[in-house]
Amino acid sequence: MKYAFYFALAVIVALAIHPPIAGASVLWIEGEAAVQSVVQRHPSWYDKVDTNELAGGDFISNWSDKPGEMTYNVAAPAAGAYQFWVRANPTATKLSARINGGAWQAIDFAHAVGNTNIAADGKVDLRFIAWVDAGSVQLKKGKNVVDFRMDSDNHNHGMLDCFVLADEAFHPRGALKPEQMASEAAKDAAANDGWFAFDPKEDSFAKDAGLDLRSMNEAFAGEGGFIAAKGPQFVHSKTGQPVRFWAVNQAADAKDYDSAVPVAKMLAKHGVNLVRLHGGLYDRDGKLDPKQIQRILGIVDAMREQGIYVHLSIYFPLWMSPSPNNAFLQGYDGKTNPFAALYFNPDFQKQYYSWWTALLTTPSPRTNKKLIDEPAVFGCEAINEDSLFFYTFTDQKIPDAQMRPIEKLFGDWAAKKYGSIDKALAAWGTKTRRDNVAEGRLGMRPMWNIANERRPRDIDTVKFLAERQTAFYDDTAKFLRKTGFKGVITASNWTTASAQYLGPVEKLTYLPGDFLDRHGYFSNDHNGDNAAWSIRNGHTFFERSALRFDPETPGGKPAFSHPAFDTTYDDKPTTITETTWERPNRFRSEAPLYYAAYGSLQDTDAIFHFALDGKNWNVKPGFFMQPWTLMTPTMMGQFPAAAIVYRKSLISPGDVLVDVNLKIDDVLSLKGTPLPEGAAFDELRKKDIPAGVTQEMDQQIDPLVHLAGQTRVEFSDKPSSAKIGSLAKYIDRKAGVVTSTNGQLKLDYHAGLLLMSAPRVQGASGNLAAGKTIDLPDVKISSDLDLANVVLVSLDDKPIATSGRLLLQVMTEEKSTSFKTEPAGPLLKIIDIGRDPWLVRDVRGSVTLKRADAKSLKLTPLDFNGYRTSAKPIAGPIELQRDVVYYLIEK
């Protein structure tokens, strides 16, 4: 759309220098208070904003054929370093600043926080405002001059609401000034009785923290050598020591080494020892971006220093939409993603391998070390969420120019097997509309038909596709080894159109890798505009508990499956590189302890939580609230105890209850598996499933076996068979109780209550009120809350009964301030998604230690960053404080 508007020159001169806040070291300057400016304001839509969202009720803006420039005088009470925060328009803008006539510095909005739509009409266009940390600057005492320049590609547009220079910790919160935040907090507290604000100050990472798990990591990642696979475990190659990984996806605000350092420190403190860097190195056409390589090198260096490994995931079809003139991906329109093309297209494969070469062989500017020589690099992932056995492999999504070569290869394969294409078609008795005998091409039937009808043609199609997919993964593993890469390699992590029949085929193709991976999300029927990646007003959702096996949709059948259910294949390590409870869902607080407990029981080797989209405790790290945000009280806030439980195996692995052998020919002949893995999609990938399609599974083996012990699958030439232990000893369907083979876990899924009872960890998760007083070997827990998590873990590797240092961790449920819903049939409709800070429901209850020496122990509540407050002796039952999450118990 073109806009007609008038051009005029405006020079604004303020009457006085904007003074600093008296007695404070946070200098707040309004954008409209420039002492001089050359800007041109748009006469209509761009300046029509909701002024209630602006500090001081106004801003300064530019929309012109010339860059806008503004000058401000700032009086600093003292010389020194000040953190520079700017609240400006982050949308398709270019904003630069300079201090005291120095060099212009571009302000990077890649990690803006508090992004807010300020359009008066609510439209989603350019009219946004957000805070961004522009780094540290040096001010002199007294007068300083700060200049801004707006020179965006689109009419040099820009908005500046205000900026802050602070020599103490500053946490932006919309348009509120520091002196307003306290009064607003008091109002919020009154309006949210029964909830407390979870709003940690910026962590100083002081060494005297009562709770800091950095020591669980190596002095530096790779100290014990490259990570290797040895049987079903990961080990340090130099020491042979087994290792589990409590991991996250993404590195939050990290865009280089400097910004990655605080992220790494925060993660290490919370028990994380692995980060999956999941992102492309190229533009939508696949052109390499060297800046992305430098970003990764910086993050690897920062993580290594905190003992955190890095897993590299660089290709996902959704990151590309090739233009019509793309040299190695012909036939695309600039809007379509290249699903499946990498398995068949040699030109695309060449480009793909060039990305890996550039990434793995570029030296770090800090260490001069290449990633092929960096033991802090855990592994490489070939492809994220793509498969020849999923619904995206169809000529409806793949252009003709890409399908023709695939079909020619299939024609050659069939002709070799049957003598000719005509003979193949005669043997099959089935044709497709894309068959072209003259050109030697054979089409492929839709995946739903292949999985559900399993005709002779379908079986041959699967055998052909499995050969191609396996060959690609094998070639990629060999290529990575040729570059000199020494870490572990995995193929992919995706699901198929049939867990029963195509699922084992998919796993079979992954065997060229060193370990097997998968993804899974616990979703909650979240619906609405762009619900796949955002949470907005008007969206609907379902409050869903995993501990009760609530159905996927209200009124449905109980869903006796979960993304944490894991199986070992071919004696290789297993990982889950993307998983979470999606928001909004009050039962999200079940997640960390659930993953830790059952991941330990099943001996899963790495669990990657999705996703670290910011390092601060923001409700909205970006403009739209995200379904996966990890920096929340119930998720990252519960990492400490969960990471200890999982990484130190405080819950020991269960017995192997199911041992399945699958004959390879049976798998490729679509005879299926008695142990299918239920697909657990997030909303983003659910859209790839054709309308009306459901995935039915023949559960020949009770899926609750995963909550009792371990399961294994082997691929071989031997006849298919299944050895199943006595499940009745551990699974009581009538009572709704599953007990682990080691007796350390007990789930009452009728009540929604999980109990953990092992020498070094004891606790309860879920509906504590159902358990009345929960009596465990060394501790009693009492609470009337229907959703809470109370866990006691040993910090010195001794049993709770004799430990001299214990962590008591407590969590209830979370919501954002002002979050509001209303009933919408069986669902809830969001009226207000809310804002910072996070709120946590008040804790109620008590914990009693059964130790004879309990009264000689000292109890110290810790703040949200793990630092000690006042200590006191334990005189009797520990009455849980309403707003305390961590307690340290010491001799």
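Structure report, in brief. Quick caveat, the model's predicted, so the values are computed rather than measured.

**So, the side chain of serine 765**
Then, number 1: Note on placement: serine 765 falls in strand β34 (residues 761–766).
Then, number 2: A polar contact is formed between the side chain of serine 765 and the side chain of asparagine 789, at a distance of 2.5 Å.
Then, number 3: Not counting chain neighbours up to four residues away, the residues in contact with serine 765 comprise Leu547, Glu590, Leu593, Gly752, Leu753, Leu754, Ala788 and Asn789.

**Some details on the sheet that holds strand β33 (residues 753–758)**
Strand pairing in a sheet takes place through backbone hydrogen bonds and is either antiparallel or parallel in direction.
Then, number 1: The strand order across the open sheet built from ten strands is β30-β31-β32-β33-β34-β37-β38-β47-β44-β45, with neighbouring strands paired in antiparallel fashion. Each end of this open sheet is capped by a strand with a single partner; those strands are β30 (731–732) and β45 (872–873).
Then, number 2: In terms of strand pairing, strand β44 (residues 858–862) meets β45 through two bridges, oriented antiparallel. The residue of β45 that forms the bridge with leucine 859 is lysine 872.
Then, number 3: Along the sheet, helix α11 (residues 591–601) makes contact with β32 (745–748), β33, β34 and β37 (788–794), crossing β32 at roughly 125°.

**Side note on the packing of helix α6 (residues 400–418) against helix α7 (residues 421–428)**
Axis angle and axis distance: for two packed helices, these are the angle between their axes and the distance between the axes, and together they describe the pair.
Then, number 1: At their nearest, the axes of α6 and α7 sit 7 Å apart, and the two run at 80° to each other. Our classification of the angle between α6 and α7 gives roughly perpendicular. Of α7, the residues touching α6 (which contributes Phe410, Gly411, Ala414, Ala415 and Tyr418) are Ile421, Lys423, Ala424, Ala427 and Trp428.
Then, number 2: In the contact of α6 with α7, the residues fall into eight nonpolar, one polar and one charged.

**Some points on the sheet that holds strand β27 (residues 656–663)**
Then, number 1: Read across the sheet, four strands follow the order β24-β28-β27-β29 without closing on themselves; strand pairing throughout is mixed. Sheet topology places β24 (568–569) and β29 (721–724) at the edges, where each strand pairs with a single neighbour.
Then, number 2: Judged from the seven bridges that link them, β27 and strand β28 (residues 710–716) form a sheet pairing that is parallel. The residue bridging aspartate 659 from the neighbouring strand is arginine 712, located in β28.

**As for the nonpolar core**
Then, number 1: Counting 172 residues, the largest nonpolar core has Leu267, Met303, Leu312 and Leu612 as its most contacted members.
Then, number 2: Sorting elements by how many residues they give to this core places helix α9 (residues 456–483) first, with nine residues.
Then, number 3: Not counting residues within four places of it along the chain, the set of residues in contact with leucine 612 comprises Val248, Asn249, Gln250, Ala251, Ala252, Val263, Met266, Leu267, Leu630, Met631 and Met636.
Then, number 4: Residues Ala97, Phe109, Ala112 and Val132 belong to the second largest nonpolar core, which totals 29 residues.

**Focus: helix α2 (residues 257–269)**
Then, number 1: Across its 13 residues, α2 extends 18 Å between first and last C-alpha, which sits within 8% of the 18 Å expected from 1.5 Å per residue.
Then, number 2: A large share of α2 lies buried, amounting to ten of its 13 residues.
Then, number 3: The set of residues buried in α2 consists of Tyr257, Ser259, Ala260, Val261, Val263, Ala264, Met266, Leu267, Ala268 and Lys269.
Then, number 4: Elements in contact with the buried residues of α2: β17 (245–249), β18 (274–278) and α3 (290–305).
Then, number 5: Where α2 begins, the capping side chain belongs to aspartate 256, and its oxygen is found 3.3 Å from the backbone nitrogen of aspartate 258.
Then, number 6: Glycine 271 occupies a position one or two residues after α2 and carries a positive phi of about 100°.

**What about the packing of α2 against α3?**
Then, number 1: Following both chains from N to C, one finds α2 and α3 inclined at 35°, their axes separated by 8 Å at the closest point. Considering the relative orientation of α2 and α3, their crossing is right-handed. Of α3, the residues touching α2 (which contributes Tyr257, Ala260, Val261, Val263, Ala264 and Leu267) are Gly298, Ile299, Asp301, Ala302, Met303 and Glu305.

**So, the pattern of salt bridges**
Then, number 1: All told, the structure shown has 56 salt bridges when counted by the stated rule.
Then, number 2: Between aspartate 529 and arginine 536 there is a salt bridge whose closest N-O contact spans 3.7 Å.
Then, number 3: With a relative accessible area of 14%, arginine 536 lands in the buried category.
Then, number 4: Shared partners join several salt bridges into a network, and the residues in it are Asp400, Arg404, Glu407, Arg434, Glu439 and Arg441.

**Focus on the packing of aromatic side chains**
Then, number 1: Considering all chains together, one arrives at 59 aromatic pairs under this definition.
Then, number 2: A centroid spacing of 5.6 Å and a plane angle of 75° characterise the contact between tryptophan 45 and tyrosine 46, whose relative ring orientation is edge-to-face. An identical accessibility class is assigned to tryptophan 45 and tyrosine 46; each is buried.
Then, number 3: Ring centres of tryptophan 246 and phenylalanine 639 lie 5.4 Å apart, and the angle between their planes is 70°; on these two criteria the pair is classed as edge-to-face. Of this pair, tryptophan 246 sits in strand β17 while phenylalanine 639 is found in helix α12 (residues 639–647), placing the two residues 393 residues apart along the sequence.
Then, number 4: Across the ring face of phenylalanine 587, the terminal group of arginine 586 is positioned such that the distance to the ring centre comes to 5.1 Å.
Then, number 5: Positioned above the aromatic ring of tryptophan 195 is the side chain of lysine 815, whose terminal nitrogen or guanidinium carbon lies 4.6 Å from the ring centre.

**With respect to the pairing of strand β47 (residues 886–890)**
Then, number 1: Burial of β47 is extensive: five of the five residues sit out of reach of the surface.
Then, number 2: Of the two faces of β47, both are covered, the one formed by Tyr886, Leu888 and Glu890 as well as the one formed by Tyr887 and Ile889.
Then, number 3: Taken together, the five bridges between β44 and β47 define a ladder with antiparallel strand orientation. Counted as the bridge partner of lysine 858 is glutamate 890 from β47.

**What about the environment of leucine 213?**
Then, number 1: Mapped onto the elements, leucine 213 comes out in the loop between β13 (195–198) and β14 (227–230).
Then, number 2: Assessed through its relative accessible area of 5%, leucine 213 is described here as buried.
Then, number 3: With 54 residues separating them along the chain, leucine 213 and leucine 267 place their C-alpha atoms 9.1 Å apart.
Then, number 4: Excluding anything up to four places from it in sequence, leucine 213 contacts Ala268, Lys269, His270, Gly271, Pro640 and Ile644.

**Re unusual backbone geometry**
Then, number 1: For the bond running from phenylalanine 610 to alanine 611, omega is -5°, close enough to zero to count as cis.
Then, number 2: By the secondary structure assignment, alanine 611 is in the loop between β26 (606–609) and α12.
Then, number 3: Here the bond from aspartate 836 into proline 837 is cis, since omega is 0°, no more than 30 degrees from zero.
Then, number 4: Phi angles above zero are rare outside glycine, and alanine 92 is one such case at about 55°.
Then, number 5: Tracing the chain through its elements places alanine 92 in the loop between β6 (80–88) and β7 (95–99).
Then, number 6: Located in the positive-phi region is aspartate 603, a residue other than glycine, with phi close to 60°.

Rules used throughout
Residues numbered from 1 in each chain as written. Predicted model: local features only at pLDDT ≥ 70, side-chain atom pairs only at ≥ 80, totals over all residues. Heavy atoms only, no water. Helix = DSSP H or I, 4+ residues; strand = E, 2+ residues; numbered from the N terminus. Polar contact = N/O pair within 3.5 Å; in protein donor to acceptor, adjacent residues only side chain to side chain. Contact = heavy atoms within 4.5 Å. Pairing = 2+ DSSP bridges. Axes fitted to C-alpha atoms, helices over the stretch in contact; angles between N-to-C directions. Parallel < 35°, antiparallel > 145°, perpendicular 65-115°, else oblique. Nonpolar A, V, L, I, M, F, W, Y, C, P; charged D, E, K, R; others polar. Core = buried A, V, L, I, M, F, W, Y, C linked by side-chain atoms within 4.5 Å. Buried < 20%, exposed > 50% of the residue type's maximum accessible area, 1.4 Å probe, protein only. Expected span 1.5 Å × (residues − 1). Left-handed = near helix turned anticlockwise from the far one by under 90°. Salt bridge = Lys/Arg side-chain N within 4 Å of Asp/Glu carboxyl O. Phe/Tyr/Trp six-rings, centres within 6.5 Å; stacked < 30°, edge-to-face > 60°. Lys NZ or Arg CZ within 6 Å of the ring centre and 35° of its normal.

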